[in-house]
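# Results of the structural survey
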Amino acid sequence: MNAVSLRFATRTFEVGTLAAATMLVLLAGQRALSAQTDKPATEIKIQADQVTGHVSPMFYGIMTEEINYSYDGGLYAELVRNRNFKEDPKDIVHWQLVQNGGGSGSISLDPGTPFNEAVPTSLKLVIDKASAAGRVGIANDGFWGIPSKPNTTYKATFYAKAATGFNGPITLAIVGNDGTTVRASTQVSGLTQEWKKFEATLKTGDVPVTAENKFVLTAANPGTVWFGFVSLFPPTYKDRPNGFRPDIMQLLAGMKPAFLRFPGGNYLEGNTLDTRFDWKKTLGDPAQRPGHFDDAWWYWSSDGMGLQEFLDWCEDLKMEPVLAVYAGYSLRGGARITLHSQLEPYIQDALDEIEYVTGDVNTTWGARRAKDGHPEPYKMQYVEVGNEDGGDNQPGSYETRFAQFYDAIKAKYPNLKVIATDTVTTRVADVIDEHYYRRSEEEMASHASDYDSRRVLPSGFGKAPHEVFVGEWATRVGDPTPNWGAALGDAAWMVGMERNGHLVKMEAYAPLLTRIDPDGLQWLTDLIGYNSVSAYGSPSYYMQSMFATYHGDDVVSITARNVPNSEWLPAAGFGIGNVVRPNQPVQTAGSRGPRPQRIPIIPQNGPVQQPAPQDLALMHFDATRDSKTGAIYVKVVNRASTPQAVHVVLTGVASVEPNGRTITLSGSGPDDTNTITEPTKLVPVTAEVSGLGTDFTRSFPPYSVSVLELKTTK
Ligand code: AHR
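In this report, the structure presented in the accompanying data block is examined. Just so it is clear, the model here is predicted, and its values are computed rather than measured.

### What about the pairing of strand S12 (residues 213-219)?
Of all seven residues making up S12, six are buried, and the element is well covered by its neighbours. Looking at chain direction, strand S7 (residues 136-140) and S12 are connected through five bridges and run antiparallel. Its bridge partner lying in S12, Val136 is registered against Ala219. In this structure, strand S9 (residues 170-176) lies alongside S12, joined through six bridges in antiparallel fashion. Residue pairing in the sheet places Thr171 in a bridge with Thr218 of S12.

### Let's talk about helix H7 (residues 397-412)
Taking 1.5 Å per residue as the helical rise, H7 with its 16 residues ought to reach 22 Å, and the 23 Å between its terminal C-alpha atoms agrees with that figure. Taken across its 16 residues, H7 has twelve buried, putting it largely inside the fold. Of the positions making up H7, those classed as buried are Ser397, Tyr398, Glu399, Arg401, Phe402, Ala403, Gln404, Phe405, Tyr406, Ala408, Ile409 and Lys410. Against the buried residues of H7 lie strand S17 (320-325), helix H5 (340-358), strand S18 (382-385) and strand S19 (417-420).

### Considering the packing of aromatic side chains
Under the criterion given, the structure shown has 30 aromatic pairs. Ring geometry for Phe85 versus Trp95: centroids 5.4 Å apart, planes at 50 degrees, classification tilted. A residue pair is termed long-range when its members are at least 10 positions apart, and Phe85 in the loop between strand S3 (62-63) and strand S4 (95-99) and Trp95 in strand S4 qualify at ten residues. With a relative accessible area of 1%, Phe85 lands in the buried category. Among the aromatic residues, those joined into a ring-pair cluster are Tyr71, Phe244, Phe262, Tyr267, Phe277, Phe310 and Trp313. It is Arg476 that lies over the ring of Tyr437; its NZ or CZ is 5.9 Å from the centre. Between Lys635 and the ring centre of Phe547, over which it is positioned, the NZ or CZ distance is 4.6 Å.

### Some thoughts on the site of the ligand
Around the ligand, eleven residues are found, and the nearest of them are Glu65, Asn266, Glu388, Tyr437 and Glu472. At 2.7 Å, a side-chain N or O of Tyr437 approaches an oxygen atom of the ligand. Within the side chain of Glu472, a nitrogen or oxygen atom sits 2.8 Å from an oxygen atom of the ligand. In the complex, 100% of the free accessible area of the ligand, which totals 280 Å², lies under the protein chains. Split into classes, the residues belonging to the shell around the ligand amount to four nonpolar, three polar and four charged.

### Some remarks on the nonpolar core
Across soluble globular proteins, nonpolar side chains show a tendency to be buried alongside one another. Within the largest apolar cluster, 125 residues are counted, with the highest numbers of intra-cluster contacts made by Leu252, Trp313 and Phe405. With near-sequence residues (within four places) excluded, Leu252 lies in contact with Ile62, Leu75, Pro257, Trp313, Leu317, Leu512, Leu513 and Ile528. Formed by 35 residues, the second largest nonpolar core is a distinct cluster that contains Phe85, Ala160, Leu202 and Ala219.

### Details of unusual backbone geometry
Cis geometry marks the peptide bond from Gly264 to Gly265, where omega comes out at 15 degrees. Looking at where Gly265 falls in the secondary structure, it is placed in the loop between strand S14 (259-262) and helix H3 (266-269). Note that the residue after Asp479, namely Pro480, is joined by a cis bond; omega there is 5 degrees. In this fold, Pro480 is placed in the loop between strand S21 (467-475) and helix H9 (484-499). Of note in the backbone geometry, Lys256 takes a positive phi value of approximately 45 degrees without being a glycine. Residue class for Lys256 comes out partly exposed when judged on its relative accessible area of 47%.

Conventions used here
Residues numbered from 1 in each chain as written. Predicted model: local features only at pLDDT ≥ 70, side-chain atom pairs only at ≥ 80, totals over all residues. Heavy atoms only, no water. Buried < 20%, exposed > 50% of the residue type's maximum accessible area, 1.4 Å probe, protein only. Helix = DSSP H or I, 4+ residues; strand = E, 2+ residues; numbered from the N terminus. Pairing = 2+ DSSP bridges. Expected span 1.5 Å × (residues − 1). Contact = heavy atoms within 4.5 Å. Phe/Tyr/Trp six-rings, centres within 6.5 Å; stacked < 30°, edge-to-face > 60°. Lys NZ or Arg CZ within 6 Å of the ring centre and 35° of its normal. Near = heavy atom within 4 Å. Polar contact = N/O pair within 3.5 Å; in protein donor to acceptor, adjacent residues only side chain to side chain. Areas by Shrake-Rupley, 256 points an atom, 1.4 Å probe, with all protein chains shown as cover. Nonpolar A, V, L, I, M, F, W, Y, C, P; charged D, E, K, R; others polar. Core = buried A, V, L, I, M, F, W, Y, C linked by side-chain atoms within 4.5 Å.

Here is the structure:
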């Protein structure tokens, strides 16, 4: 046995031989302990001096893209929707004409009066008749309303010009949907016949927390005004201009993410070359950014969340950027570039982008970053070439494209680790990004030991050992956010990844964020949900935060015996568990169409074969040790509906202190969950515990995820 296989051997899980006694045949999704009378106690043996791997400092991370209104209408705090009037070339969507008390006027899109090169149109307001009591103007309905909160300062920015004879004033106000209740207001004047920028603040007093408002700009005298860009920001995280929603940022900070993989996901690629994430168009003054149609997820992206904002986000949460570069492949429309000469500009674009992130101020793009407000280069170790290029079904396409990107990146940045999104053979990718979406708790749990048995890498993964980045994964049960059953599946999966730190170096759940409003999401199930006024973490969010908070840096050997199990009937076929919602234009496994290995395989000449039932472990374990303090963190996932006693035996330590603590997250059953109205129903609970040692037995609650923190001496 060589060293590698020995390591796996020590990790072997012995599942109890209880299945023979099982009398129940369970349908998929049900669970019960196998029927038996003489159940031997579950036992875990931890060999604290047998280090099998390390928890990478980059292990716990997050992944995002513009999906489910993650940025516009989400993390990016802008409150005005369609702020540069480009969302629909024919209609001024999300804007309405205001005509109060006998005032009259009209609004239209006016491409004849372009605002700037990026915004070749404007909103024209003609006020025919107006008075103090009969104001006329425009109102924006925001992203499911404009939120107001008490004693809060909002920053408004707009660009406008006027026809001769009108110079204002313009009143800016947050007004209730009744059209009369003013939550905050201010005035600006001095409009001229040239485009001019106006900035103002609006302060609320003792107003209710509500999104039942509009942002309204009106005048009390006749005239013609053009607007080029209208923006309203609430207070942002760390007061960053063009910044982020504090409540969502605080939730994200709780995950202690080491990295951010961005900007996608399908959003990176777009359906066509024109609708990819074209990073150079996302830089600088937001009023000069064209924005683009996010056709991967079917809504307008303001590109307010541009490359620099992604980096700001990294800085604010002390995350390292994991930059995914466009790799010459878009989801639809035949955009696939494999010829070296044609791919060259995109390779250069990727090199420029890396330079923007990491180059010093003497480089072209480092200088541009300095001009954008950040002279200091960012630390970045990983670059990803594309996204899910297994979806590119042209044989050899990714192989060819990856090789070209890889060579160019390595030539200029030899220390950068290059991540491949699919198998490659002509180059040795440093890391492979694997994505796993599962349809049920049981399906996810059935994969919890996958990495235990990844002795050698699958053929085609190159010659050298690889690092694995599980760049997207989720148990997709729960709407809009995962329920407790999904979180238990996720916990089983996380234990499996953490236990295999020698191989799995990074992980990120996906998708991370979602609006919970009607029509606000394209993809179920998502980790963190929000509306205009508040946000909440799902049970899986709290489970993942627990994992990221309580762990050591050494993975130590753990073996389990007599693990309770239940019989599970897997769902037929393969799938990623997409749940199609009515009224959603894009609901598939990405707009490229489903990937072959992910859709139900329906034979032409017969029904899908029902797989045989499986015995599925109901408990999952790992153990990590803090190499400095000696503390051992034992993670125990109990998916069973009954408490489970576990006999714990520790070797390789001189002693274990009798007192330690547990951090426990549990639910009443798989359907239990957190919601926007009960945001903290399921949260971790910390308790001091006694009776610990090198040999002890503890009971773990039903449907629970626990971390047991043991203090040891060597
Ligand atoms: O996370 C949602 C989508 O799933 C991502 O955009 C894509 O990479 C994957 O197919």
